[in-house]
Amino acid sequence: MPAPHWAGPEIVSRPGAFDRPARIRAGRRAYTTSKLGGIHLVHEWARRLPDGIDIVSYNPSLVSGTGLARDAGRTLQLVMTWIVPLLLVTPLVDTPRAAGGRLADVVLGRTHAPTGSYVHRDRVARSSAESYDAAREEELWDWLEQV
């Protein structure tokens, strides 16, 4: 996946916001940028919610069988069909059922995750350096309140 490209909420929310919008890469960039925006909102919510109400972001990692690469081109489809299933025996890939179980553990508190944290599969981790930008988080919040 390409790195996200944040250009402000008003721009990244528009259809065709990324270079060469008809290309698959633009869709992937929109996907990663939307994930970054989601993490920004979790951080801002965590600052605004009253004590006792928690919010976290959850990254299941690569989950096989979701159809995420269905329009990604023949090469990636072959990788997803033949290589990724072999990786199910590693800690790199999960089935939808396993990923859902890990998410349930977070929601039910079996995986301890303080408010505002980023959970990668089954543990709290740091998200990307870019995802920690309080000014950007507040800007996104304010923009969403206006639209």
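Nothing here was measured: the structure is a model prediction, and the numbers come from that model.

Visitor: Looking at this model, I keep getting lost on a nonpolar patch on the surface. Mind explaining?
Guide: Taken together, the side chains of L76, V79, I83 and L86 define a hydrophobic patch exposed on the protein surface, amounting to about 320 Å² of accessible area. Inspection of the secondary structure assignment puts I83 in helix α3 (residues 74-83). Judged by its relative accessible area of 43%, I83 falls in the partly exposed class.

Visitor: Explanation requested: the pattern of salt bridges in the structure shown.
Guide: Opposite charge on two side chains makes pairing possible when the charged atoms of those side chains draw close. Summed over all chains, the structure comprises 10 salt bridges. Between R47 and E44 there is a salt bridge; the shortest N-O distance is 2.6 Å. Pair noted here: R47 and E44 are both in helix α2 (residues 24-48), with a separation of three residues, about one helical turn. Residue classification places R47 among the partly exposed residues on the basis of a relative accessible area of 46%. Linked by salt bridges that have partners in common, E44, R47, R48 and E137 make up one network.

Visitor: Would you take a moment to explain the packing of α2 against helix α5 (residues 134-146) for this structure?
Guide: Axis angle and axis distance: for two packed helices, these are the angle between their axes and the distance between the axes, and together they describe the pair. Packing of α2 against α5 leaves a shortest axis separation of 9 Å and a crossing angle of 90°. When the interaxial angle is binned, α2 and α5 end up roughly perpendicular. Where α2 abuts α5, its residues L36, G37, H40, L41, H43, E44, W45, R47 and R48 lie against A134, R136, E137, E138, L140, W141, D142 and L144. Class assignment for the residues of the contact of α2 with α5 results in seven nonpolar, three polar and seven charged.

Visitor: Before we go on, may I ask you to explain the packing of aromatic side chains in this structure?
Guide: Aromatic rings considered in pairs are described by the distance between their centres and by the relative angle of their planes. In the structure shown here, the tally under the stated rule is one aromatic pair. Measuring from centroid to centroid gives 5.0 Å for W45 and W141, while their planes differ by 80°, and the two rings are edge-to-face. Of this pair, W45 sits in helix α2 while W141 sits in helix α5; the two residues are 96 residues apart in sequence, bridging distant segments of the chain. Residue classification places W45 among the partly exposed positions, given a relative accessible area of 37%. Directly above the ring of Y132 sits R126, whose terminal nitrogen or CZ lies 4.2 Å from the centroid.

Visitor: What should I look at first to understand the nonpolar core in this one?
Guide: One recurring pattern in soluble globular proteins is that nonpolar side chains are buried together. Listed in full, the seven residues of the largest apolar core are W6, V12, F18, A26, L36, L140 and W143. For this core, the secondary structure elements donating two or more residues are α2 and α5. Sequence-distant contacts of W143, defined by excluding residues within four places in its chain, comprise P9, E10 and S13.

Visitor: Quick question: what am I supposed to make of a negative patch on the surface here?
Guide: On the surface, E138, E139, D142 and E145 cluster together into a negatively charged patch. Take E139: it is sitting in helix α5.

Visitor: Help me understand the side chain of S57, please; the structure alone is not making it clear to me.
Guide: Relative to the helices and strands, S57 is located in strand β1 (residues 57-59). The class of S57 is buried, set by a relative accessible area of 10%. Here S57 is in contact with I39, V42, S117, Y118 and V119, once residues within four sequence places are set aside.

Visitor: Please explain the sheet that holds strand β5 (residues 123-125) as it appears in this structure.
Guide: The strands making up a sheet associate through hydrogen bonds between their backbones, and the pairing can be parallel or antiparallel. Taken together, three strands build an open sheet; the order of strands is β1-β4-β5 and the sheet is mixed. Single-partner strands in this sheet number two, and they are β1 and β5. With strand direction ignored, the average angle separating the axes of adjacent strands in the sheet is 40°. Pairing of strand β4 (residues 118-120) with β5 involves three bridges; the strand directions are antiparallel.

What counts as what
- Residues numbered from 1 in each chain as written.
- Predicted model: local features only at pLDDT ≥ 70, side-chain atom pairs only at ≥ 80, totals over all residues.
- Heavy atoms only, no water.
- Patch = residues over 30% accessible without salt bridge, like charges linked within 9 Å, V, L, I, M, F, W, Y side chains within 5 Å.
- Areas by Shrake-Rupley, 256 points an atom, 1.4 Å probe, with all protein chains shown as cover.
- Salt bridge = Lys/Arg side-chain N within 4 Å of Asp/Glu carboxyl O.
- Helix = DSSP H or I, 4+ residues; strand = E, 2+ residues; numbered from the N terminus.
- Buried < 20%, exposed > 50% of the residue type's maximum accessible area, 1.4 Å probe, protein only.
- Axes fitted to C-alpha atoms, helices over the stretch in contact; angles between N-to-C directions.
- Parallel < 35°, antiparallel > 145°, perpendicular 65-115°, else oblique.
- Contact = heavy atoms within 4.5 Å.
- Nonpolar A, V, L, I, M, F, W, Y, C, P; charged D, E, K, R; others polar.
- Phe/Tyr/Trp six-rings, centres within 6.5 Å; stacked < 30°, edge-to-face > 60°.
- Lys NZ or Arg CZ within 6 Å of the ring centre and 35° of its normal.
- Core = buried A, V, L, I, M, F, W, Y, C linked by side-chain atoms within 4.5 Å.
- Lys, Arg positive; Asp, Glu negative; His and termini not counted.
- Charge placed at Lys NZ, Arg CZ, Asp CG, Glu CD.
- Pairing = 2+ DSSP bridges.

Limitation: the analysis is restricted to geometry and does not speak to function.
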